[in-house]
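Structural overview for review
Below are the chains, spelled out letter by letter.
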Amino acid sequence: MRSIDDHKKISDITIPGTHDTMALHGGPAAECQVWSLADQLRAGIRYLDLRVFALDHTLYIMHGVVYQHTTFTTVLSTIRTFLEQYRSEAVFVRVKPDLFDKDKVEGMVAELIAGDQDVWVKSVIPRMGDVRGKIVLLQKDGFKLGIPILGTDKKADYEVTHIGEKERKIETHLQEAERDCGGGDYVVLSYSSGTGIGTLEGMFLTPKRVAEKIDPWFYGYLNGLHLRKGSCLGIIAMDFPGLDLIQTVINLNPKSIMF
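What you are looking at is a predicted structure, and each value in this text was computed from that prediction instead of being measured.

1. Side note on the overall build of the protein chain
Helix and strand counts for the protein chain stand at seven helices and ten strands. Over its C-alpha trace the protein chain gives a radius of gyration of 17 Å, about what one expects of a compact globule, namely 18 Å for 259 residues. In terms of overall dimensions, the protein chain has a C-alpha envelope of 50 × 45 × 30 Å along the principal axes. Evaluated residue by residue, the protein chain yields a buried proportion of 53% over its 259 residues. Total accessible area on the protein chain stands at roughly 11900 Å², and carbon and sulfur atoms take up 51% of it. Across the protein chain, the centroid of the 30 positively charged side chains sits 4 Å from that of the 34 negatively charged ones.

Here it is in structure tokens:
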């Protein structure tokens with residue numbers, strides 16, 4: 001992100017991210033990524049989707065009921081280590097309270113980051129120069145720290161029973177993203193991820209099997225996409241993205257604001 005103009009609003013940038021960033025454990029039905037957090041960051045991922053469960057005095061990283069063998073504190077440490085080495089970058093983090101006692105998560109996160117000048121918790125849209133070297137929190141639903149998210153996904157859009165139908169939904173969501181990106185006090189978020197688990201027709205479509213079909217198609221689709229001059233797509237969260245797909249998302253930015 002070093003070549004992005006310091007005056008550019010972060011809501012005007014197209015950003016590669018991962019859906020359920022830390023879902024590396026739990027078997028085919030639960031796993032959404034294969035790379036560690038450090039490897040994702042080195043590959044160019046700049047948006048992280050964290051499912052957080054508060055129990056006693058600890059914030060655990062989950063995917064549903066599956067513990068992902070790490071905590072929010074450890075995730076913060078990994079991000080900070082990355083940003084200490086790459087001060088030109090910013091990492092965007094959505095915290096989604098999970099399971100029960102969801103109302104405890106925000107307060108515990110606030111305690112963890114209290115007084116930390118390298119974590120952006122304001123709701124106003126910053127410019128790139130404001131957040132270099134920082135963690136930028138994003139807010140949605142029951143979590144109110146950080147910049148608001150405008151999601152293009154509708155309820156149950158993550159459910160996949162037919163790959164072709166999922167492709168059409170992604171196209172629709174990105175059209176909406178281009179329309180809304182940079183247009184308000186929010187960051188637009190879209191997903192290419194999905195699963196058939198929990199449906200009858202798509203019961204064998206695990207996140208990995210969906211990604212094996214969607215990611216190659218998505219790579220070709222994005223490479224053939226012609227955005228309007230000055231437009232953007234916001235954050236695109238993916239399952240199992242490879243280096244080529246991540247770079248393709250980055251390349252959607254104008255050459256003047258390449259990462």
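Structure shown, so let's carry the discussion forward.
2. A word on the environment of D244
Take D244: it is sitting in helix α7 (residues 243–250). Taking the relative accessible area as the measure of exposure, D244 reaches 54% and is therefore exposed. Along the chain, D244 and P216 lie 28 residues apart, while their C-alpha atoms are 9.7 Å from each other.

3. Let's talk about the state of the cysteines
This model, assessed by the stated rule, comprises one disulfide. Two residues share a disulfide in this structure: C181 and C232, whose sulfurs sit 1.9 Å from each other. Of note, the bridge from C181 to C232 carries an S-S torsion of about -105 degrees and is left-handed in sense. Here C181, found in the loop between α5 (163–180) and β9 (187–191), pairs with C232, found in the loop between α6 (207–223) and β10 (235–238); they are 51 residues apart in sequence, far enough to count as distant.

4. Quick notes on unusual backbone geometry
Positive phi outside glycine occurs at H69, with the angle close to 60 degrees. The topology assignment puts H69 in strand β4 (residues 66–71). For A156, which is not a glycine, the phi torsion comes out positive at approximately 70 degrees. On the basis of relative accessible area, A156 is assigned to the partly exposed category, the value being 28%.

5. Quick look at the packing of α5 against α6
Where α5 meets α6, the closest approach of the two axes is 11 Å, and the angle between their N-to-C directions is 45 degrees. On the basis of their axis angle, the class for α5 and α6 is oblique. For the pair α5 and α6, the sense of crossing is right-handed. Of the residues in α6, those touching α5 at I163, K166, E167, I170, E171 and L174 are V210, K213, I214, W217, F218, Y221 and L222. For the contact of α5 with α6, the per-class residue count stands at nine nonpolar, no polar and four charged.

About the cut-offs
All residue numbers refer to positions counted from 1 along the written sequence of the respective chain. Confidence filtering applies because this is a predicted model: local features only for residues at pLDDT of at least 70, side-chain atom pairs given and counted only at 80 or more, and all residues used for totals across whole chains, interfaces and linings. Note: side-chain values were computed over all heavy atoms of the structure, leaving out hydrogens and water. Secondary structure is summarised from DSSP: a helix means a run of H or I of at least four residues, a strand means a run of E of at least two, and numbering begins at the N terminus for each. Our radius of gyration is a C-alpha quantity, and the globule rule it is checked against amounts to 2.2 Å times the number of residues to the power 0.38. We call a residue buried when its accessible area falls under 20% of the maximum for its residue type, exposed when it is over 50%, and partly exposed in between, using a 1.4 Å probe and counting protein chains only. Here the Shrake-Rupley method, with its probe set to 1.4 Å, supplies the accessible areas, and only the displayed protein chains count as covering residues. By the counting rule applied here, Lys and Arg register as positive and Asp and Glu as negative, while His and the ends of each chain are not counted. For the purpose of locating charges, the reference atoms are NZ of Lys, CZ of Arg, CG of Asp and CD of Glu. In plain terms, two cysteine sulfur atoms within 2.5 Å form what is called a disulfide here. Axis geometry follows a simple rule: fit a line to the C-alpha atoms, using only the stretch in contact for helices, then measure angles between N-to-C directions, giving values from 0 to 180 degrees. Under this scheme an angle from 65 to 115 degrees is roughly perpendicular, one under 35 degrees roughly parallel, and one over 145 degrees roughly antiparallel; angles in between are oblique. Definitions for this section: a left-handed crossing has its near helix turned counterclockwise from the far helix by less than a right angle. A right-handed crossing has that turn clockwise. Should any heavy atoms of two residues lie within 4.5 Å, those residues are counted as being in contact. Gly is placed with the polar residues, together with every amino acid not listed as nonpolar (Ala, Val, Leu, Ile, Met, Phe, Trp, Tyr, Cys and Pro) or charged (Asp, Glu, Lys and Arg).

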